[in-house]
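Commentary on secondary and tertiary structure
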Amino acid sequence: MSRHSLATAAAAVATLSVSPFAPILTAPARAQAGVPIEAAGPEGPLAGTFIDAGKGAPVAVIIPGSGPTDRDGNSPMGVTAGYLRLLAEGLAGKGVSSVRIDKRGMFGSRAAVKDPNSATIAGYAADTGAWIERVRAMTGASCVWVVGHSEGALVALAAVGSQAHVCGLVLVAGPGRPLGTIMREQFRANPANAPYLDSLNGLLDALEAGRTVPAADLPPVIAPMFPAGVQIYLIDVFRHDPAAMARAYKGPIMIVRGTRDIQVAQADADALRAAAPAATYLSIDGMNHVLKRVEGDDRAANLATYADASRPLAPGLVDGIAAFIKR
């Protein structure tokens, strides 16, 4: 398993909870507005899709969440909802251009690095910078908005530290606390994880301390999900505190959360809001982590939307983001 699979490891095994950063996106591939473009990657080109909303329109780079998630928000791990594509198309209809991207080493960006397991948050942030400059050169925009979903919100926060041409950030279903804290909550939330909680918590303790755990020291059901490469990636991610990063950024921020998100908690949005009190907060009633509206608290019904390509984005999401970017 590559590091890119790590964030969705728990979702891959029925006995474990969905990971907080699992790729949860929608819709199957289809003909769509937009053109393929490339940016310079570390060893080869990065790939994305540009949708032009017209001359002079503001433009955003859309960063996907963790795991094997493509630019449309689909995943070979059974997620087929395409919500990032829907988001890009919706924003174009409201006058906001966008580039949605494939991460280094994956899908259209496979040639960007020889070893996809070399990915780090800093590497993804550097790629975001390459996309910002590519978009500016192509459109003439003086600055570019960065829209990050889930772990992509963490990447967005990491990117602005070294980028001078960011208009602002839109953090959609993003973490506000360190990943280790969120993963503990996720594992506890699923009763089926009870037999493995001690081992899982022990693993998280080690990773937070910067140590890997040999496969032989993990239960057989857990070991395949946490090979050495995945553990090394997690050690890097665990070092980042999203709230501290949000506090350090002085530009415009929008924080977006759905009330039915079972992967990133209200506590994460609250942590970001406390760190950036001037940020605009958009709460979407009934929206889940894949940006679809669901009714009630039934977990199975919520997860079913992850593969429901027919379900539109939750009402108010596109309008709210577009209004923030264009204000």
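Overview of the structure. Worth saying up front: this structure is predicted, and the values here are computed from it rather than measured.

Scoring rules and cut-offs
- Residues numbered from 1 in each chain as written.
- Predicted model: local features only at pLDDT ≥ 70, side-chain atom pairs only at ≥ 80, totals over all residues.
- Heavy atoms only, no water.
- Disulfide = S-S within 2.5 Å.
- Helix = DSSP H or I, 4+ residues; strand = E, 2+ residues; numbered from the N terminus.
- Buried < 20%, exposed > 50% of the residue type's maximum accessible area, 1.4 Å probe, protein only.
- Phe/Tyr/Trp six-rings, centres within 6.5 Å; stacked < 30°, edge-to-face > 60°.
- Lys NZ or Arg CZ within 6 Å of the ring centre and 35° of its normal.
- Pairing = 2+ DSSP bridges.
- Right-handed = clockwise from strand over helix to strand, strands pointing away.
- Core = buried A, V, L, I, M, F, W, Y, C linked by side-chain atoms within 4.5 Å.
- Contact = heavy atoms within 4.5 Å.

Now for the state of the cysteines. On inspection of all chains with the given rule, the structure shows one disulfide. Across the disulfide from Cys143 sits Cys167; the S-S distance is 2.1 Å. Because the torsion about its S-S bond is 100°, the bridge between Cys143 and Cys167 counts as right-handed. Pair noted here: Cys143 is in the loop between helix 3 (121-139) and strand 5 (144-149) and Cys167 is in strand 6 (residues 166-172), with a separation of 24 residues, a long-range link. Residue classification places Cys143 among the partly exposed positions, given a relative accessible area of 26%.

Within this structure, the stated rule accounts for one aromatic pair. Over the ring of Tyr281 we find Arg273; its NZ or CZ atom is 3.9 Å from the centre of that ring.

Turning next to the pairing of strand 6. Among the seven residues in strand 6, seven count as buried, and that is most of the element. The pairing of strand 5 with strand 6 spans six bridges and is classified as parallel. Bridge pairing in strand 6 places Trp145 opposite Gly168. Once the chain exits strand 5 it traverses helix 4 (residues 151-159) before rejoining the sheet at strand 6, and the crossover so formed is right-handed. Pairing analysis gives four bridges linking strand 6 to strand 7 (residues 253-258), with the strands arranged parallel. Counted as the bridge partner of Val170 is Met254 from strand 7.

Let us look at the nonpolar core. Counting 58 residues, the largest nonpolar core has Trp131, Leu169, Leu171, Met183 and Phe226 as the members making the most contacts within it. Per-element tally for this core: the top contributor is helix 7 (residues 228-238), with six residues. Not counting the four nearest positions on each side in its chain, Trp131 is found in contact with Ile37, Glu38, Ala39, Leu46, Ala47, Gly48, Val61, Val99 and Ile101. Among the nonpolar cores identified, the runner-up in size contains 32 residues, and Val172, Val256, Leu317 and Val318 belong to it.

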